[in-house]
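Structural characterization, general
Listed here are the chains, written in short residue letters.
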Amino acid sequence: MAKLIKKRSEKTGLPPGALIHIGEKKTEKARITIIDYDEMQLQEKEAASVEACIPFKDKSRNTVTWINVDGLHQVELVENLCKCFEVHHLITEDILNTDQRPKIEEFEGYLYIILKMFCYNGKENVLITEQVSLILGPNFVLSFQENTRDDFRMIRERIGTGKGRIRKMGADHLAYCLIDIIVDNYFLVLEALGEKIELLEEKLVVYPTPEVLHTIYTLKRDMLLLRKSIWPLREMINKLERGECALFKESTTIYLKDVYDHTIHVIDTLETFREVVSGMLEIYLSSMSNRMNAVIKVLTMIATIFMPLTFIAGVYGMNFRFMPELQWRWGYPAVLLVMATVGISMAIYFRRKKWI
Amino acid sequence: MAKLIKKRSEKTGLPPGALIHIGEKKTEKARITIIDYDEMQLQEKEAASVEACIPFKDKSRNTVTWINVDGLHQVELVENLCKCFEVHHLITEDILNTDQRPKIEEFEGYLYIILKMFCYNGKENVLITEQVSLILGPNFVLSFQENTRDDFRMIRERIGTGKGRIRKMGADHLAYCLIDIIVDNYFLVLEALGEKIELLEEKLVVYPTPEVLHTIYTLKRDMLLLRKSIWPLREMINKLERGECALFKESTTIYLKDVYDHTIHVIDTLETFREVVSGMLEIYLSSMSNRMNAVIKVLTMIATIFMPLTFIAGVYGMNFRFMPELQWRWGYPAVLLVMATVGISMAIYFRRKKWI
Amino acid sequence: MAKLIKKRSEKTGLPPGALIHIGEKKTEKARITIIDYDEMQLQEKEAASVEACIPFKDKSRNTVTWINVDGLHQVELVENLCKCFEVHHLITEDILNTDQRPKIEEFEGYLYIILKMFCYNGKENVLITEQVSLILGPNFVLSFQENTRDDFRMIRERIGTGKGRIRKMGADHLAYCLIDIIVDNYFLVLEALGEKIELLEEKLVVYPTPEVLHTIYTLKRDMLLLRKSIWPLREMINKLERGECALFKESTTIYLKDVYDHTIHVIDTLETFREVVSGMLEIYLSSMSNRMNAVIKVLTMIATIFMPLTFIAGVYGMNFRFMPELQWRWGYPAVLLVMATVGISMAIYFRRKKWI
Amino acid sequence: MAKLIKKRSEKTGLPPGALIHIGEKKTEKARITIIDYDEMQLQEKEAASVEACIPFKDKSRNTVTWINVDGLHQVELVENLCKCFEVHHLITEDILNTDQRPKIEEFEGYLYIILKMFCYNGKENVLITEQVSLILGPNFVLSFQENTRDDFRMIRERIGTGKGRIRKMGADHLAYCLIDIIVDNYFLVLEALGEKIELLEEKLVVYPTPEVLHTIYTLKRDMLLLRKSIWPLREMINKLERGECALFKESTTIYLKDVYDHTIHVIDTLETFREVVSGMLEIYLSSMSNRMNAVIKVLTMIATIFMPLTFIAGVYGMNFRFMPELQWRWGYPAVLLVMATVGISMAIYFRRKKWI
Amino acid sequence: MAKLIKKRSEKTGLPPGALIHIGEKKTEKARITIIDYDEMQLQEKEAASVEACIPFKDKSRNTVTWINVDGLHQVELVENLCKCFEVHHLITEDILNTDQRPKIEEFEGYLYIILKMFCYNGKENVLITEQVSLILGPNFVLSFQENTRDDFRMIRERIGTGKGRIRKMGADHLAYCLIDIIVDNYFLVLEALGEKIELLEEKLVVYPTPEVLHTIYTLKRDMLLLRKSIWPLREMINKLERGECALFKESTTIYLKDVYDHTIHVIDTLETFREVVSGMLEIYLSSMSNRMNAVIKVLTMIATIFMPLTFIAGVYGMNFRFMPELQWRWGYPAVLLVMATVGISMAIYFRRKKWI
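Residues numbered from 1 in each chain as written. Chains lettered and ligands numbered in written order. Predicted model: local features only at pLDDT ≥ 70, side-chain atom pairs only at ≥ 80, totals over all residues.

On to the overall build of chain A, then. When you go through chain A residue by residue, the secondary structure sums to eight helices and seven strands. Over its C-alpha atoms chain A spans a radius of gyration of 34 Å, topping by over 25% the 21 Å that the globule rule assigns to 356 residues. Expressed as lengths along the three principal axes of its C-alpha atoms, the size of chain A is roughly 120 × 45 × 30 Å. A total of 356 residues make up chain A; the buried ones form 42% of that total. (Helix = DSSP H or I, 4+ residues; strand = E, 2+ residues; numbered from the N terminus. Rg over C-alpha atoms; globule rule 2.2 N^0.38 Å. Buried ≥ 20, exposed ≤ 12 C-beta atoms within 10 Å, placed from the backbone.)

Here it is in structure tokens:
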């Protein structure tokens, strides 16, 4: 199961702006990819160090520069890149502290966006979270990812092939595309959850087992974590879409509106899922108690039929000297008949009570 | 049961505006119907292709043109029609992506409305959803339906016979009529649900079976899906009714207010239904546990009466050599008497405890 | 139980303004009562037809005219009266369609108010709803009731005897009085519900039966229906009280404020009742499970005491040839002693465990 | 238990302003106390009749007059006092109708405040409510209490001894003091409830009995009634504190802010209590079902051990002529050994399953 | 467990501003620490009495003075310090009354802030609360703590070593640092709770015991208390961050925004925890009932198999004179065979029903 909370205790008491990476400590080297493009030309390279990024800092250039960093564990790399682009030290702190709430912050000359990327690992049934930070300047976008899973590959390909409007438009459109692909990923997660829920529903109808219970619990938990990230996302994109941030041009607003609709749709679907799963738990519990009911009925029937019979047999097993019935010629068959009568009338009684 | 979520995974990562139809892939041909009317004249025909629609595009005409498309699986047909009426490519995408939230969007020269049409298939107990898109221009309405069930037949007839105000008024009144018939359909669905609920209530009183449980679950699920579509509908019609969209004239506002009242009424009724069904679940569970209680009481009574009796019989079935009672003349009747006393006093005890 | 939803399916697809009466079809004739008064004079009569109302339409008259219609099944009567007073056709439709939400609508020259009247039939334990429509003009009030139960009798008497301020004030005060009596009726319904709840509470303490469950369910259901009508009533009266409707004069505002306070009070009380009833259900369920607990304890005690005893008896009932104990002189009393010891020590054990 | 609703049915249909006292009808005489003070002088007396109050009505006086009425059952006394101070007849009605919601109403020249006073009778475990009405004029305060419990004694003493700021300030400060003491009383009630809850918590841990259930229910019910009065109190004091009422001077605002903070604190604590009590119910139910579980385990163990043993004994109690085992020399001890083996292995099995 | 409510009954009825310390009465002496600094110089000393603080009161000084009081039980010490800095007497009351809601209040010349400090004592599993009051003036900060646990040590060290921005900035930055460290402490508490929850989750999967129940209850209770303090904290910091308090300079706003984000994050996490714990309770209850189910199945199986067998044995234990089977040569083995058949077929039946 995904962690409920990330350890940030080592940060307590440190002055604001202290740069400490919260999250998995990896050993692989972080990767910096630089893509510089306009409608006509395209330059794509991997940077060995931060120095390679300096030439792209020039604000008078007409091309759009996208610098993507995969891996945050190399703290000074992130720090240097941020310093190079004159990013506020509190932001550098937030980029490294990956236990942040999605938010948007406007600074002079750039916009800082934190997002949560989700992906559902179907094999291990685990929901994986990753924090993505974007810094949008007038003609550049810096993106920071925790993993090296390369979720932005599709955007890179789209830029590469020049498909769609992306090459004709500015850095704000690139930022929109990155946000859009993250929100699209939520739909993938929802699809995975939806399939899991429908599978569970079938199991519930056919034969509910105690595992159902555990699956319901993990589903609920995953949905809680998703929800925690999506609600602030909504506010955030709403702010963008209302045109409150000058760096997003008018022409991008209609696209942001589209992303906003998607976010609302994700929220609606998630809330519906949550209620469906709650309903499933109720149904599971009641079908369990129905089954217990059935078991207890069987027990009661057996006991109610055989206890009186055993008692009768016990009576005629007593060793009293003077028990006239024992001497009768037809005593034994008579008793057998009585027993059969008692047993059958009990069965009829249960039939009437609809127990059988 | 209705699907919880539609597959849209194939769309992930595609550039915005990519035209992909989400939903059932059918093989029948989509049908285009054109109706052109004013107070005096009426022209109704089925169009073989998009070309037949071009003459009706002329904005200086005084008649109202309604072009209805049944079936969205022929992507290029929808695309061409939209291009012909100069509809934004993001809208064309939304028309085809039938997993949308009801919404309204204003563009220069036209208004885009997404609605969800529901219908309840009583035989199979299935709630069927369909996405309806409307594009309202100054003198035309384009409507896109997924199915070919022809839910707008009544409007067509009303135009044909010239009944009501419809022929005297503009395209906005036609759009209102289409919205109105969709909202009216919600009442039909609610009626079907209401009847199902009242039937369930009777069953609950007479003899609750485990099927009740399953029906409650599907009812809840259907209501969740309905609700997901009706809440945004409400906001949407509220926006129209407040007169925020210039394409709806003053004279239509009072009718929109009426539709708005209906929507609120639908929501209120749905919420009441939801709470009634929740209450039914509680009652079902408690009556189940009441019945279990009764069963366990029977078991306990039988055991409590027969166990001591069987024990007494067992005692006198022992083979000790020196058991004086066995030799007594009246030993057997005495023991029978003791047994009867024990049994009857137990029964009286249970009577007093109100178990019988 | 009250119906959850009224059939309005016959209305689907009809043009707006179609006049169809929804509700019970009665055969008695509808009754029209006309009361015309000012401080000095009073005229009261029953009208045979709508024509008798025409003279009271004159807007220059200084008297207040109140025309009350009991029974809506005579559609054309209502239609004619509405036409006579120049009421919009959508309103006539709403008057007849008795499945409306309480609302207020302002038109030029008059105000349209829909209210729900409730009354609790104690004998049959049924909550009866009735839709009351009011049309308030500058010097007239039209009121439409479904039933002929004559709930406005008290107002008529007050006008007749000239008690209170009613004769000195205008049509708006009359409308206020009608609204006030409807809200006062809610308190009667709440009182009936409150008494039923307190009765249930006593039953819960003394001896809860499964009927309690059913009563709780019907209580909840009735409260849901009440609530559905009272919440919109609140908004409605709030609108009036804020002085948004010009037809209500300043002098009536303080009285409307009083009605508003009553409405809030009704809502508060209803919500409190709902929570009390929810609490009662929980208590009922737990006391049921407590009782089951007690039953199972008895079963366990009996079984735990007699099973070992019966086993011992069974052992000495075996027919082995070589069982030395059987030959002992004091074998039988010894075994009886052992049995008694086992039984009593079990009882002591249960006592300690606080089962007895 | 406190009543859920007060009978007001006798008021239904009466004209607004009808003076009817709702509540307990007492026979003792109502008491009028007059206190007149400024910084220098103090006059305190009990008035025999309303006439004694007339001299204090003079608006040009510089002293503050506080007239307190204990007991509302003498309707004409209240009526006369209200007439004497020119109070609107709707207010007089509200003072007498003690089933009111806390509210504040501003009139020309005075302010009308309704509050609910609570006190917890620890001995009988009953929550007692009382309605207190205040009328604040420029230099007088009228206060009406239902009971004669004298909750305002402390204020009277503070005025008497001249402690605190009260003698130096105006009538608005006196009104604040009265409100403050009522809100302080809520803390006392909360303390009593809090102690009861903590006592229950201990019982839950040590030995939960069915009485716990009943106590939880009454706690919930009391808290519902408290809440019904405190939420409107909050709005009310907020209105005062925002300085919307001219009769409260600037200098008193900071004190009102303090009362407002207290009210919020009361609400927060109450909501916390409600959730704690809900949690306790859950725990009670689960510990009950845990105990049932334990009982059923005992039953199952006993049955599972002794049923097979009794069966074996039964087999060798059969009277077949040819049963070779019966003749064996060591048959009896062998069977006893078999029985012991079965019994002990069962016990080991249960141990492993952690039942014992 | 932490107390639900602090005793404040002794305060009821006292005039506003009465100075009474609510909380633990300690005997140790309260400690006053004075730190006076600017970028260049630093002075730190422990004050023996309030007099030592007087020189730092001078408003024309350019240094920042921080006076910290540990321990509120010495009422007159607090009172004198407050008088010395001209703090309003209602505030002095609030500082001493440690049962306050977090709030912020602006006065002329200073700002009064109440906060709740939490810390989780892992060993005793107790949540410890402490009220911290801050008074922020133009160039001084007074802080009042209940305990002597010295939570502000880190700030003092940071000032001492001159690390971070703290020495270069004003009193408002110091106040921010104190608030920040308190909010950071919430993360520590959340971490402790999160670990406890994840530990519980593991236990739930492996082997749920009744202790789980008790832990869930205390967790819920602690989270309720936390929540009661954090929600008002949020409003409070939001007010600061929006720049409504002039004493916080523009340059500090970005830091306050950071604290605000942390507060929101704490709330989100807490709400997620609450829902996770609710889900755990449901799972616990259902796994308990699953286990009961299993136990009852065992009971039913044993009874269903052995009751018929014992009955058969009982029949052939009867002492009738004429029972032909008893005389048969193969009677005994035949009966054993019948018994085996019955037993095995029962077992097969249970296998099919998936009970084994």
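From this point, things continue past the structure.
On to the interface of chain B and chain A, then. In this complex, chain B contributes 42 residues to the contact, which on the side of chain A involves 54 residues. In terms of residue count, the dominant contributor to the side of chain B that touches chain A is helix α6 (residues 250–315) of chain B (15 residues). Across the side of chain B that touches chain A, the residue classes break down as 25 nonpolar, nine polar and eight charged. (Contact = placed C-beta atoms within 7 Å. Nonpolar A, V, L, I, M, F, W, Y, C, P; charged D, E, K, R; others polar.)

Turning next to the nonpolar core. Counting 412 residues, the largest nonpolar core has Leu 178 of chain A, Leu 178 of chain B, Leu 178 of chain C, Leu 178 of chain D together with Leu 178 of chain E as its most contacted members. Core analysis: the second largest hydrophobic core is formed by 97 residues, Tyr 332 of chain B, Met 301 and Met 307 of chain D together with Met 301 of chain E among them. (Core = buried A, V, L, I, M, F, W, Y, C linked by C-beta atoms within 7 Å.)

Glancing now at the sheet that holds strand β2 (residues 42–47) of chain A. Residues and elements named next belong to chain A. Taken in spatial order, the seven strands of this open sheet run β2-β1-β3-β7-β6-β5-β4, and their pairing is mixed. Each edge of the open sheet carries a strand with a single partner, namely β2 and β4 (103–107). The average angle at which neighbouring strand axes cross in this sheet is 15 degrees, direction not considered. Relative to β2, strand β1 (residues 31–37) is paired through six bridges, and the arrangement is antiparallel. Residue Tyr 37 lies in a different strand from β2, and its bridge partner there is Leu 42. (Pairing = 2+ DSSP bridges. Axes fitted to C-alpha atoms, helices over the stretch in contact; angles between N-to-C directions.)

All right, on to the pairing of strand β7 (residues 140–145) of chain D then. Residue and element names in this part refer to chain D. The element β7 is largely enclosed, with a buried count of six among its six residues. Going residue by residue along β7, you find Phe 140, Leu 142 and Phe 144 tucked away on one face and Val 141, Ser 143 and Gln 145 tucked away on the opposite face as well. By the bridge criterion, six bridges tie strand β3 (residues 64–70) to β7 in an arrangement that is parallel. Bridge assignment links Asp 70 to a residue of β7, and that residue is Gln 145. With five bridges connecting them, strand β6 (residues 126–136) and β7 associate as antiparallel partners. Residue pairing in the sheet places Ser 133 in a bridge with Phe 144 of β7. Connecting β6 to the antiparallel partner β7 that follows it, the hairpin turn spans three residues.

Moving on to the domain arrangement of chain A. When the domains of chain A are assigned, the result is domain 1 (17–286) and domain 2 (296–352). Just the C-alpha atoms count here: the centres of domain 1 of chain A and domain 2 of chain A sit 76 Å apart. (Domains from an automatic or database assignment.)

Placing chain B over chain A gives an RMSD of 0.1 Å and needs a rotation angle of 72 degrees, together with 0.1 Å of translation along the axis. Each copy turns onto its partner about a five-fold axis. Minimal C-alpha separation from the rotation axis in chain B is found for Gly 317 of chain B, amounting to 4.7 Å. (Least-squares fit on C-alpha atoms with pLDDT ≥ 70 in both.)

The next subject is the environment of Leu 226 of chain C. Residue and element names in this part refer to chain C. Tracing the chain through its elements places Leu 226 in helix α5 (residues 210–241). Overall, the presence of 25 C-beta atoms within 10 Å leaves Leu 226 in the buried class. For the pair Leu 226 and Ala 52, spaced 174 residues apart in sequence, the C-alpha to C-alpha distance is 37 Å. With near-sequence residues (within four places) excluded, Leu 226 lies in contact with Phe 118, Val 189 and Leu 270.

As a further point, take the pairing of strand β6 (residues 126–136) of chain E. Along a regular strand, successive side chains alternate from one face of the sheet to the other. Bridge count between strand β5 (residues 110–121) of chain E and β6 of chain E: eleven bridges; the pairing is antiparallel. Each bridged residue has a counterpart across the sheet, and for Met 117 of chain E the counterpart in β6 of chain E is Glu 130 of chain E.

Time to look at the sheet that holds β6 of chain E. All names here are of chain E. The sheet built from seven strands is open, its strands ordered β2-β1-β3-β7-β6-β5-β4 with mixed pairing. Strand pairing shows two members of the sheet lacking a second neighbour, β2 (42–47) and β4 (103–107), which therefore form its edges. Averaged over neighbouring strand pairs, the angle between their axes works out to 15 degrees when direction is ignored. Where strand β1 (residues 31–37) meets strand β3 (residues 64–70), seven bridges bridge the pair, whose relative direction is antiparallel. Paired with Ile 35 across the two strands is Trp 66, which belongs to β3. Helix α5 (residues 210–241) contacts β4, β5 and β6 of the sheet and is inclined by roughly 30 degrees relative to β4.

Time to look at the environment of Val 259 of chain D. All names here are of chain D. Structurally, the position occupied by Val 259 is in helix α6 (residues 250–315). Val 259 gets classed as buried once you count the C-beta atoms within 10 Å, which come to 21. On a C-alpha basis, the gap between Val 259 and Ile 237 in space is 7.6 Å, while along the polypeptide they are 22 residues apart. In contact with Val 259, not counting residues within four places along its chain, are Ile 179, Asp 180, Val 183 and Ile 237.

Residues and elements named next belong to chain D. Summarising the element assignment, Trp 330 is placed in the loop between α7 (324–327) and α8 (331–352). Since 11 C-beta atoms lie within 10 Å of it, Trp 330 is described here as exposed. A sequence separation of 23 residues divides Trp 330 from Met 307, and the C-alpha atoms of the two residues are 24 Å apart.

This part is about the packing of helix α4 (residues 171–206) of chain A against helix α6 (residues 250–315) of chain A. Residues and elements named next belong to chain A. At their nearest, the axes of α4 and α6 sit 10 Å apart, and the two run at 20 degrees to each other. Between α4 and α6, the angle falls in the class roughly parallel. The crossing of α4 and α6 is left-handed. For the contact of α4 with α6, a count of residues per class yields 21 nonpolar, six polar and three charged. (Parallel < 35°, antiparallel > 145°, perpendicular 65-115°, else oblique. Left-handed = near helix turned anticlockwise from the far one by under 90°.)

Turning our eyes to something else, we now look at α8 of chain D. Taking 1.5 Å per residue as the helical rise, α8 of chain D with its 22 residues ought to reach 32 Å, and the 32 Å between its terminal C-alpha atoms agrees with that figure. After α8 of chain D finishes, the residue Lys 354 of chain D shows a positive phi value of roughly 60 degrees. (Expected span 1.5 Å × (residues − 1).)

Even without a glycine there, the phi angle at Glu 86 of chain A is positive, about 55 degrees. A count of 12 C-beta atoms within 10 Å places Glu 86 of chain A in the exposed class.

All names here are of chain A. A residue-level look at chain A finds 99% of positions with pLDDT of 70 or above and a mean pLDDT of 86. The lowest-confidence element of chain A is helix α7 (residues 324–327), averaging 86 in pLDDT; the highest-confidence one is strand β7 (residues 140–145), averaging 92. As a predicted assembly, this complex carries a pTM of 0.85 together with an ipTM value of 0.81. (pLDDT = per-residue confidence, 0-100.)

What follows covers the packing of α6 of chain D against α8 of chain D. Residue and element names in this part refer to chain D. At a minimum axis distance of 10 Å, the contact between α6 and α8 shows a crossing angle of 165 degrees. If you check the angle between α6 and α8, you find them roughly antiparallel. As α6 runs across α8, the sense of the crossing is right-handed. Between α6 and α8, the residues in contact are Met 301, Thr 304, Ile 305, Pro 308, Leu 309 and Ile 312 and Val 335, Val 338, Met 339, Val 342, Gly 343, Met 346, Ala 347 and Phe 350, respectively. Taken together, the residues that form the contact of α6 with α8 break down as twelve nonpolar, two polar and no charged.

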